[in-house]
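An overview of the molecular structure
The residues making up each chain are set out below.
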Amino acid sequence: MKHVDIIEVMTKEEYVGREVTVCGWVRTARDSKTMAFIELNDGTSLKHIQLVVDKETFGKADEMSNFTKLGSSLKVVGTVVPSAVAQDGGVEINVSDIELLGPCPEDYPLQKKRTNLETLRTMPHLRVRTNTFNAVFRVRSVLAAAIHEYFQDRHYVYVNTPLITGSDCEGAGEMFKVTTQSFEDAAKYKTADEYYADDFFGKSAGLSVSGQLEGEVAAMAFGKIYTFGPSFRAENSNTTRHVAEFWHVEPEVAFAELPDIIEMAEDMIKYITKAVMERCPAELDFFEKFFEKGLREKLTNVIESDFEVLDYTKAIEILEKADADFKYPVSWGCDLQTEHERYITEEVFKKPVFVTNYPKEIKSFYMKQNPDGKTVAATDLLVPGIGEIIGCSEREADYDKLLEAMNVRGMNLDDYNDYIDLRKFGSVPHSGFGLGFERMLMYVTGVQNIRDVILFPRTVGSIR
Ligand code: 4AD
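What you see is a predicted model, and the numbers here were worked out from it, not measured in a lab.

1. Observations regarding the packing of aromatic side chains
Note on aromatic pairs: each is described by the distance of the centres and the angle between the planes. In the structure shown here, the tally under the stated rule is 23 aromatic pairs. Ring centres of Y312 and Y358 lie 5.3 Å apart, and the angle between their planes is 40°; on these two criteria the pair is classed as tilted. With Y312 in helix α11 (residues 312-321) and Y358 in strand β13 (residues 353-359), the pair connects residues that are 46 residues apart, well separated along the chain. The buried category is assigned to Y358, whose relative accessible area is 0%. Considering the side-chain rings of F365 and Y416, the 5.6 Å spacing of their centres and the 70° angle between planes classify their relative orientation as edge-to-face. Within this pair, whereas F365 is found in the loop between β13 and β14 (375-383), its partner Y416 is found in the loop between α13 (399-408) and α14 (417-421), the two being separated by 51 residues in sequence. A single burial state applies to F365 and to Y416, both of which are buried. The structure contains a cluster of three or more aromatic residues connected by ring pairs, namely Y150, F151, Y156, Y158, Y226 and Y271. Note that K374 overlies the ring of W332, its terminal NZ or CZ placed 5.3 Å from the centroid.

2. A closer look at the site of the ligand
As a structural note, the neighbourhood of the ligand is formed by 24 residues, with E170, Q212, R233, E250 and E388 the closest of them. One of the side-chain nitrogen or oxygen atoms of S210 is found 3.0 Å away from a nitrogen atom of the ligand. Side-chain polar atom of R233 to an oxygen atom of the ligand: 2.8 Å apart, as the coordinates give it. For the ligand, whose accessible area on its own is 630 Å², the fraction buried by protein is 93%.

3. Looking at the domain arrangement of the chain
Domains assigned within the chain are domain 1 (6-102) and domain 2 (131-174 + 209-452). Each side of the interface is counted separately: domain 1 has seven residues, and domain 2 has seven residues. When domain 1 packs against domain 2, the two sides together hide about 480 Å² of surface, and 43% of this comes from carbon and sulfur. Of all residues in domain 1, R27, G43 and L46 give up the largest surface area on contact with domain 2, accounting jointly for 82% of the area buried on that side. For the pair domain 1 and domain 2, the interface holds zero salt bridges. Linking domain 1 with domain 2 are four residue pairs in polar contact (both at pLDDT 80 or more), by the criterion used here. Grouping the constituent residues of the side of domain 1 that touches domain 2 by class yields one nonpolar, five polar and one charged.

4. Side note on the pairing of strand β10 (residues 224-232)
Among the nine residues that make up β10, eight are buried, leaving the element largely enclosed by the rest of the structure. Strand direction decides the pairing type here: strand β6 (residues 157-158) and β10, joined by two bridges, are parallel. Looking across to β10, one finds that V157 is bridged to I225.

5. Side note on the pattern of salt bridges
Enumeration over the complete set of coordinates arrives at 22 salt bridges. With a closest N to O distance of 3.6 Å, K188 and D185 form a salt bridge. Its relative accessible area of 59% is what places K188 among the exposed residues. One salt bridge in this structure joins D380 and K363, with 3.1 Å as the shortest N-O distance.

6. Some details on a negative patch on the surface
Taken together, the side chains of E257, D260, E263 and D267 define an acidic patch exposed on the protein surface. Counting through the fold element by element, E263 comes out in helix α8 (residues 258-279).

7. A word on the state of the cysteines
In this structure the tally under the stated criterion is zero disulfides. C23 takes part in no disulfide bond, and the closest cysteine sulfur, belonging to C104, lies 16 Å away. For C23, a relative accessible area of 11% puts it in the buried group.

8. Looking at the packing of α8 against helix α10 (residues 295-304)
Running from N to C, α8 and α10 point in directions that differ by 145°, and their axes come no closer than 9 Å. The way α8 lies across α10 gives a crossing that is left-handed. Residue-level contacts link I269, K270, T273, K274 and M277 of α8 to R296, L299, T300, V302 and I303 of α10. For the contact of α8 with α10, a count of residues per class yields five nonpolar, two polar and three charged.

9. With respect to the nonpolar core
Judged by nonpolar contacts, the single largest core of 58 residues is most densely connected at I269, F287 and L435. No other element matches the 11 residues that α8 contributes to this core. Setting aside residues no more than four positions away along its own chain, I269 makes contact with V302, F307, L381, I389, I390, L435 and M440. If you look at the next biggest cluster of nonpolar residues, it comprises 33 residues, including A315, F365, Y366 and L382.

10. With respect to the sheet that holds β13
Within the open sheet, the eight strands sit side by side as β6-β10-β11-β16-β15-β14-β13-β12. Their pairing is mixed. Each of the sheet's edge strands pairs with one partner strand only, and the pair in question is β6 and β12 (308-311). With five bridges connecting them, strand β11 (residues 245-254) and strand β16 (residues 430-436) associate as antiparallel partners. Bridged to E252 within β16 is G432. Against the sheet, α11 contacts β12 and β13, and its axis sits at roughly 85° relative to β12.

11. Topic: the packing of helix α9 (residues 281-290) against α10
Look at α9 against α10: their axes get within 9 Å of each other, and the N-to-C directions meet at 120°. In terms of their interaxial angle, α9 and α10 are classed as oblique. Residue-level inspection shows P281, L284, D285, F287 and E288 of α9 in contact with α10, the latter providing L295, R296 and L299. Of the residues contributing to the contact of α9 with α10, the split by class is five nonpolar, no polar and three charged.

Conventions used here
Residues numbered from 1 in each chain as written. Predicted model: local features only at pLDDT ≥ 70, side-chain atom pairs only at ≥ 80, totals over all residues. Heavy atoms only, no water. Phe/Tyr/Trp six-rings, centres within 6.5 Å; stacked < 30°, edge-to-face > 60°. Helix = DSSP H or I, 4+ residues; strand = E, 2+ residues; numbered from the N terminus. Buried < 20%, exposed > 50% of the residue type's maximum accessible area, 1.4 Å probe, protein only. Lys NZ or Arg CZ within 6 Å of the ring centre and 35° of its normal. Near = heavy atom within 4 Å. Polar contact = N/O pair within 3.5 Å; in protein donor to acceptor, adjacent residues only side chain to side chain. Areas by Shrake-Rupley, 256 points an atom, 1.4 Å probe, with all protein chains shown as cover. Domains from an automatic or database assignment. Contact = heavy atoms within 4.5 Å. Buried area = accessible area lost by both parts, 1.4 Å probe. Salt bridge = Lys/Arg side-chain N within 4 Å of Asp/Glu carboxyl O. Nonpolar A, V, L, I, M, F, W, Y, C, P; charged D, E, K, R; others polar. Pairing = 2+ DSSP bridges. Patch = residues over 30% accessible without salt bridge, like charges linked within 9 Å, V, L, I, M, F, W, Y side chains within 5 Å. Lys, Arg positive; Asp, Glu negative; His and termini not counted. Charge placed at Lys NZ, Arg CZ, Asp CG, Glu CD. Disulfide = S-S within 2.5 Å. Axes fitted to C-alpha atoms, helices over the stretch in contact; angles between N-to-C directions. Left-handed = near helix turned anticlockwise from the far one by under 90°. Core = buried A, V, L, I, M, F, W, Y, C linked by side-chain atoms within 4.5 Å. Parallel < 35°, antiparallel > 145°, perpendicular 65-115°, else oblique.

Below is the structure:
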């Protein structure tokens with residue numbers, strides 16, 4: 001269907017005075033005796049274009065009530081003219097013809113008044129047509145492109161790690177099972193091993209919680225790699241920042257120690273934040289107005305300030321002295337809860353904070369053990385409003401120490417043979433991190449619930 005994107009018509013002067021064909025969905029409409037005004041949106045911009053219909057000269061005036069129904073899809077021919085009211089050089093279209101592509105009846109749920117986000121979650125297939133989701137998904141797209149750009153421009157190889165895996169990367173038992181065995185089959189077996197031996201892969205398999213283990217394999221050949229794909233977590237966390245399927249950005253860098261990877265993570269966050277500020281001005285205006293007052297100032301601060309690097313032990317001291325009523329008590333050795341993370345980054349530092357050197361007991365087996373014997377070279381990046389957005393560490397590159405950490409945790413070494421081999425054949429210091437893409441998107445938009453920055457959120461007890 002030959003037509004022009006509405007964003008082109010609205011932003012390029014060359015269209016003024018010319019006849020164009022545009023397509024889109026009706027967002028609002030006013031129909032009077034002599035004139036009709038329709039706001040059309042085709043998804044290429046946050047702003048709608050105004051269609052002006054002079055009913056006295058328009059050939060299809062008797063069909064007007066079909067063209068003005070919210071949600072209807074139209075193909076429109078008309079001349080682009082400077083807007084009669086807009087002061088900002090905006091344009092509108094004087095309509096000569098309209099074709100109704102798809103009618104939309106009165107029970108269309110998105111009527112004029114703003115529908116709240118919770119109600120919109122009950123209609124994921126339609127909520128994308130609202131201004132909020134138009135803005136969220138354009139920023140999402142720009143953010144994804146900026147992430148690729150950042151790594152591509154710096155010699156990183158983009159690799160795609162498997163989604164089905166036989167080994168649990170985080171060892172937290174949060175893997176969804178992948179099986180072709182049926183419910184009825186289960187009764188035939190006496191042990192789990194027998195059951196899985198007959199399964200598709202001949203052993204138990206699951207959806208990967210992280211591409212890191214395979215990412216390390218690739219980094220030991222290509223030096224610098226990144227993955228950008230979905231990860232799956234069957235954690236029973238019904239919060240505003242957890243989904244069961246999220247998009248995960250995971251760089252892995254050979255010859256990098258913890259300070260090197262921290263430097264890179266900070267640089268990358270600044271780069272992608274700047275990209276959104278430069279490329280999505282209209283969307284940021286929208287989020288500033290409806291979601292987070294001071295959003296631009298916050299993002300400018302991210303770009304301009306040095307992130308804090310804070311030792312875990314110091315963080316615990318700060319929390320122990322804090323004049324705050326925490327639900328979860330704090331002492332050295334405890335894992336930081338969201339309330340603690342937010343206190344540190346929102347109340348104390350008011351900017352992103354890398355908390356480093358966590359106790360080894362609360363972190364994963366693959367993290368490099370520090371000489372103190374108590375902590376590991378790991379860091380989480382905490383940001384105001386959300387808490388953790390990055391989980392990061394230098395990896396244990398020493399064969400014996402890695403094996404010891406796995407044995408202490410009672411892990412089945414056979415599942416990790418390839419991974420362990422990396423420490424045998426030309427092992428090098430290396431580090432990497434995982435950025436939760438949706439959490440980053442929440443941070444740059446000010447949207448407070450992760451369910452509202454992903455197309456079809458998968459959460460405990462909810463899938464469609
Ligand atoms: O801290 P995590 O568990 O780290 C890893 O998976 C490492 N293997 C990453 C690596 O070093 N390559 O997860 C990393 C990030 C978190 O900081 C968070 O932003 C995001 O992934 N994340 C989630 N996002 C949404 N919903 C969930 N259920 C998430 N779980 C983790």
